[in-house]
Amino acid sequence: MTTISLTINGRPQGPVAIRDDLTMNDFLREVLGMTGTKFGCGAAQCLSCAVIIDEADGTSATMPTCIAPAVSFDGKAIRTVEGHARDGRLTPLQARFIEHFAFQCGYCTPGFLNEGQVLLERLEKAPIARADLERVVAEALDGHLCRCSGYVKYHEAVRAVILADPARYLA
Amino acid sequence: MRASRRDFVKLGMAGGIAVTLSRLGPAQAASGPQPFLGHETLPQTGLGGPISGRIDGVAKVTGAKLYASDFRASDMPGWPTRTSHALLVRAHDASHVYEGLDLARLDPAAVPDVVVTAADLARLGVTVPAFYAGDLLCPVGETPLYLGQPVALLLFAQFDAYDRARLAFREGGMLRFGRETGPLKRPNYAAYRFTRVAGATPEAPDLYAPIREGWISPGFTESSGRPIWAPLPVAEGGAYAEGARHGEAIRAELKAADPAVLTLERAFTTQSVDPMFLEPEAGLAWYEPSSKVLDIVLGVQSPFEAAESVATLLGSAQADRRPARIDAKFAYVGGGFGGRDHTPFPLYVALAALFLPSRPVRLAHDRFQQFQGGVKRHAFAMRSQIGVDRASGLIRAFAADHVLDGGGLANYSASVATVGATGAIGLYDVPKVDVTTVAEHSRGVTAGSMRGYGTLQTMTALETLIDEVAVALPLDPIELRRRNALPPGGRTMTGNPFSVSVRAPEILDKLEAHSIWRDRALHQRQARPGVLVGTGVACAAKDYGTGADCSLGAVSIDPEGRIAIHSDAVEMGNGIGTALANRVAAHLGRRADAVTVAQVDAFDALGLRSSGDPYAISQAEQDAAARDPRWVPAISSPTSASIGAQVGTHAAAEAARVVFRFGLWPAALALWAIDSGDPRARQWRDAYWQGDRLILSGLPPLPLKAIAAEAHQQGGVTGAMTHAFSRWAWAEATFGLPGEDWTADIDALAVRRGAGGFIRIDRRAVAFPPTEYNRIGTAFTSMCGTVVRVEIDRASGALTIAKAYSVLECGAVLVPQVVLGQAQGGFAMGVGYALLETLPPFEDGPGNGQWNLGRYLVARGSDLPLHDLEIEVLPPLSPREPPKGMAEVVMIPVVPALLNAIHAATGHRFQSLPVTQAMIKGVLG
């Protein structure tokens, strides 16, 4: 057993003692009851379980939680799908996902939402040329698996957020 | 009994146990118990509105607890707060005698609190529902019937113990097996022969057709278990012998060496695949002995069936452990594709609760377990013969033999076999057809319903064969299809015409005119060095509906003009809630404020009663039963077979028409000061909505809110609840309503006046579709064509889809974005099926418990032409054309189009799936 503390969606969690081989996915879903983060494969292949890790240097990245032990998240700050909307308002990416009918069953949506949000934040810091937009979005989302949608509308929704605010995201 | 796509289900009591079904609303994700919403909140009234889009969108982008796998005991009001856990242990061996578990190998911290075996089930006295016939747990001392058959249910009070045990069982070595017996043999699940011989002219009656002669089955098998298809010279041949004689004559004609006829005979095999819906099956249940109530939370496509199956399972259990009531709650579904329609999983969820009384228990597959135990698509082995007149390009005759691997349990195998067989001539007009099909038992994982449902397999074989015919004649592939396309009114393989629009010529024209097809030679010539380019085309006509489809819907409007809809349809990503809202809005002028789906218990006011099997009932039985004004052939359907748009929204739309005609229209007349004698009082059909204002020519527009307030003030009809039944045609009934006998495509009706409750109105007359319609293969079809250009790297065999175009028709489009999304998703699933996905049969396959993503490949974004996929949806033929099912047809032509494109690029015809990069590289040398 190991005692861990971490920050989830800006709120401190822990200290809490957990088994060393408990996955982060089970920590979120079984210990904390935060089931917005999904379980899809347990093999880090579908990424429906991906959360955002915010590093101390201000960068962020997604990480699958289904094979990563929760103890490896000790001291980290993470964001999950439950933490995107603030004060009752959806983020632009959440709103575009709905408007564009990006998902169907929606089970993969938390992973796509986290990945898209990380991309937007990255582009804010390092804008890209318009000509690279399709490629950059495609590369960012490619690890995520969706069985319903054929991916097209996820990509459209992310691009729509960027194109709606080119001064922020495009060089 | 005839194969049916669904078993018959009844509402209310099953196995002597009272059953209630309700929908589990979304709960906002957070720690601690949360109240359930009784309905979905539309974006306009929820977070951050107004937003257009899916009505379930906010819940899905904010991580609300929505799916069955999200709920724990602490989320359930009134339940104990702690969740226990269940592990379903499955056999990885179906050739040796199972001798039990070796729990001594488990870490002490992973030992289960309760072990449930087949002997325990026998002591409890369970009754396995007929659809799932077989041992739910393999008894010790017997060879498992199939790979992945459950052998034990382990129950754990603590999650950590469960989790450790789960991992230990995955490692293996926990199950003991003894002597080798070889696989168990069981009879095949079904064998049918579909033979049709057309008359001399298109108008002449068929010389032989299943619609008239009945569906036939040989009834005799070889020692291998395969049917004997030839007519036997014995009297017992009966009806089969006559059909078989016609069939054999067709085959003889195909074998005859007629130089005027091009005859091809080809084999084609398709693989087993997994639906790979992203949410593995999960459920939660709590049995409280003191109250004798079993609460159960599930996520399935067939809630009605699941609840009744659980009741049947426990209906004859020991009295002290037999529930008096089952309260089944149904959550959203994280993907289905047919794989959650009639799955045995809910039975194990219920058993877990029965064997750990007073404690809520969760049973949830991980992905390895889902591969090992989840329902699969049938692998087909097909041999097809086609004879085509060389001069005209007209198909003279077609014959085929299909063998399906049904796996360990019957499930939907018989139905998939018949749907695949009757779809085997696609969208073509073929005067002589003879198709045999047999669905066999094997030791493989059980196969059942999955998107495409047999026709994906048979139409892939057909459309690649048609392409080969075109090359051999030679004739342009689209022109060949055009010459043979079924005309409106033309007869299907069973001898009946389609009763819906048939638009093959338009589809073919669109494909022919598209630049991908038009410029195919140019792109082939201009291929870069080392790259092979090919373009392929294919078309499909896919049935929708099952021949016994039900719809339940209720619509209410309050004095403020707010609209609420209830439906029994299930949301599995198909956008049914949004489609309901849009279809009702066409009648009531406003998109619903609340839509509740997967709800069956909201329709008690109809007092429905049912009996018999809607697929097998005789005309006399149906006529007698129909004298009871509350009787219907069936009550509720699974959400499957692409029926969401046509059937799932129908009852709500009919309810909305009643609310308009007998509630809003009289109120509008009052506001316009038009009395009942005025001719305009009968012009309700001429009124229409412009935004939320009702327009009748020459009168001031009326806002919905004012009309609704007046309707409530008058005590008019402010809510209606209907049931509808379709056997390739809607049942029609007449009801006495104020001032008018109302005849509509419904068979049960209840109405609400003002703020009152719903009161049933017994029908005065009813016409159910005749039972002879059960001989129809399908009367409903949608069509889709695909053209695709591929680029193949000659050195590696790597294939890239450069451009693709799919064109489809589906009648009225309720939610265009959902239709486009389904088409895009169908394209992706088609690509996976054609090029990537495969599960080996038997010991190397998923039944061994070692399969997961990574080893099993599905299409990702980088496998698809995300920026070069064009979807075109033809507009409805008329503003009144009803919606048609389209979720399956959009997948089908993608597969043969890809194979035909690969042939165009490489010159090689692959006749088994999937066509992998290694296979392509292999033929390129």
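The rules behind these values
- Residues numbered from 1 in each chain as written.
- Chains lettered and ligands numbered in written order.
- Predicted model: local features only at pLDDT ≥ 70, side-chain atom pairs only at ≥ 80, totals over all residues.
- Helix = DSSP H or I, 4+ residues; strand = E, 2+ residues; numbered from the N terminus.
- Rg over C-alpha atoms; globule rule 2.2 N^0.38 Å.
- Buried ≥ 20, exposed ≤ 12 C-beta atoms within 10 Å, placed from the backbone.
- Contact = placed C-beta atoms within 7 Å.
- Pairing = 2+ DSSP bridges.
- Axes fitted to C-alpha atoms, helices over the stretch in contact; angles between N-to-C directions.
- Parallel < 35°, antiparallel > 145°, perpendicular 65-115°, else oblique.
- Left-handed = near helix turned anticlockwise from the far one by under 90°.
- Nonpolar A, V, L, I, M, F, W, Y, C, P; charged D, E, K, R; others polar.
- Core = buried A, V, L, I, M, F, W, Y, C linked by C-beta atoms within 7 Å.
- Domains from an automatic or database assignment.

### Focus on the overall build of chain B
And step 1. A tally of helices and strands in chain B yields 22 helices and 32 strands.
And step 2. Here chain B has a C-alpha radius of gyration of 28 Å; the compact-globule value for 925 residues is 29 Å, and the two agree.
And step 3. Here chain B holds 925 residues, and 60% of them are scored as buried.
And step 4. A fraction of 80% describes how many contacts in chain B between residues 6 or more apart in sequence connect residues 24 or more apart.

### Notes on the sheet that holds strand β1 (residues 2–8) of chain A
Residues and elements named next belong to chain A.
And step 1. Spatially, the 5 strands line up as an open sheet ordered β2-β1-β5-β3-β4, and their pairing is mixed. Two strands in the sheet have a free side with no partner beyond their single neighbour: β2 (11–18) and β4 (60–63). Averaged over all neighbouring strand pairs, the angle between strand axes comes to 35 degrees, with direction disregarded.
And step 2. Alignment of strand β3 (residues 51–54) against β4, held across 4 bridges, turns out to be antiparallel.

### Some words on the packing of helix α2 (residues 92–99) of chain A against helix α3 (residues 109–125) of chain A
All names here are of chain A.
And step 1. Close contact between α2 and α3 brings their axes to 10 Å; oriented N to C, the two are set at 130 degrees. With respect to their mutual orientation, α2 and α3 come out oblique. As for the relative orientation of α2 and α3, their crossing is right-handed in sense. Counting all contacts with α2, which are made through L93, Q94 and F97, the residues of α3 involved are T109, L113, G116, Q117 and L120.
And step 2. Among the residues making up the contact of α2 with α3, the classes are represented as 4 nonpolar, 4 polar and no charged.

### What to know about the interface of chain B and chain A
And step 1. Facing 55 residues of chain B, the contacting portion of chain A comprises 51 residues.
And step 2. For the side of chain B that touches chain A, the elements supplying multiple residues, two or more each, are α1 (57–61), α3 (159–171) and α20 (816–835) of chain B.
And step 3. At 7 residues, α20(B) tops the list of elements feeding residues into the side of chain B that touches chain A.
And step 4. Of the residues assigned to the side of chain B that touches chain A, the class counts are 21 nonpolar, 23 polar and 11 charged.

### Observations concerning the nonpolar core
Residues and elements named next belong to chain B.
And step 1. In terms of nonpolar packing, the biggest core is built from 344 residues, with L153, A285, A350, A352, V584, V659 and L898 touching the most fellow members.
And step 2. Tallying contributions element by element places helix α18 (residues 650–672) first for this core, with 14 residues.
And step 3. The contact partners of V659, leaving out residues within four places of it in the chain, are V555, I557, L588, L664, V717, T718, G719 and A720.

### As for the packing of helix α10 (residues 455–472) of chain B against helix α21 (residues 894–906) of chain B
All names here are of chain B.
And step 1. Here α10 crosses α21 at 30 degrees, and the two axes come no closer than 8 Å. Helix-helix and strand crossings are classified by hand; for α10 and α21 the assignment is right-handed. Listed contacts from α21 to L456, M459, T460, E463, T464 and D467 of α10 are V895, P896, L899, N900 and H903.
And step 2. Split by residue class, the contact of α10 with α21 holds 5 nonpolar, 4 polar and 2 charged.

### Here we look at helix α1 (residues 24–31) of chain A
And step 1. In terms of residue burial, α1(A) counts as a mostly covered element, since 7 of its 8 residues are buried.
And step 2. Residues of α1(A) that are buried in the fold lie against β2 of chain A together with α3 of chain B.
And step 3. Downstream of α1(A) by a residue or two, A:G33 has a phi angle that is positive, lying close to 70 degrees.

### Points about the domain arrangement of chain B
All names here are of chain B.
And step 1. Each assigned domain of chain B is listed with its residue range as follows: domain 1 (13–22 + 66–183 + 281–364), domain 2 (192–271 + 377–544 + 778–924) and domain 3 (549–775).
And step 2. Put simply, the middle of domain 1 and the middle of domain 3, counted by C-alpha atoms, are 39 Å apart.
And step 3. In this complex, domain 1 contributes 15 residues to the contact, which on the side of domain 3 involves 13 residues.
And step 4. Residue assignment for the side of domain 1 that touches domain 3 shows that the elements contributing at least two residues are β2 (17–23) and α6 (303–314).

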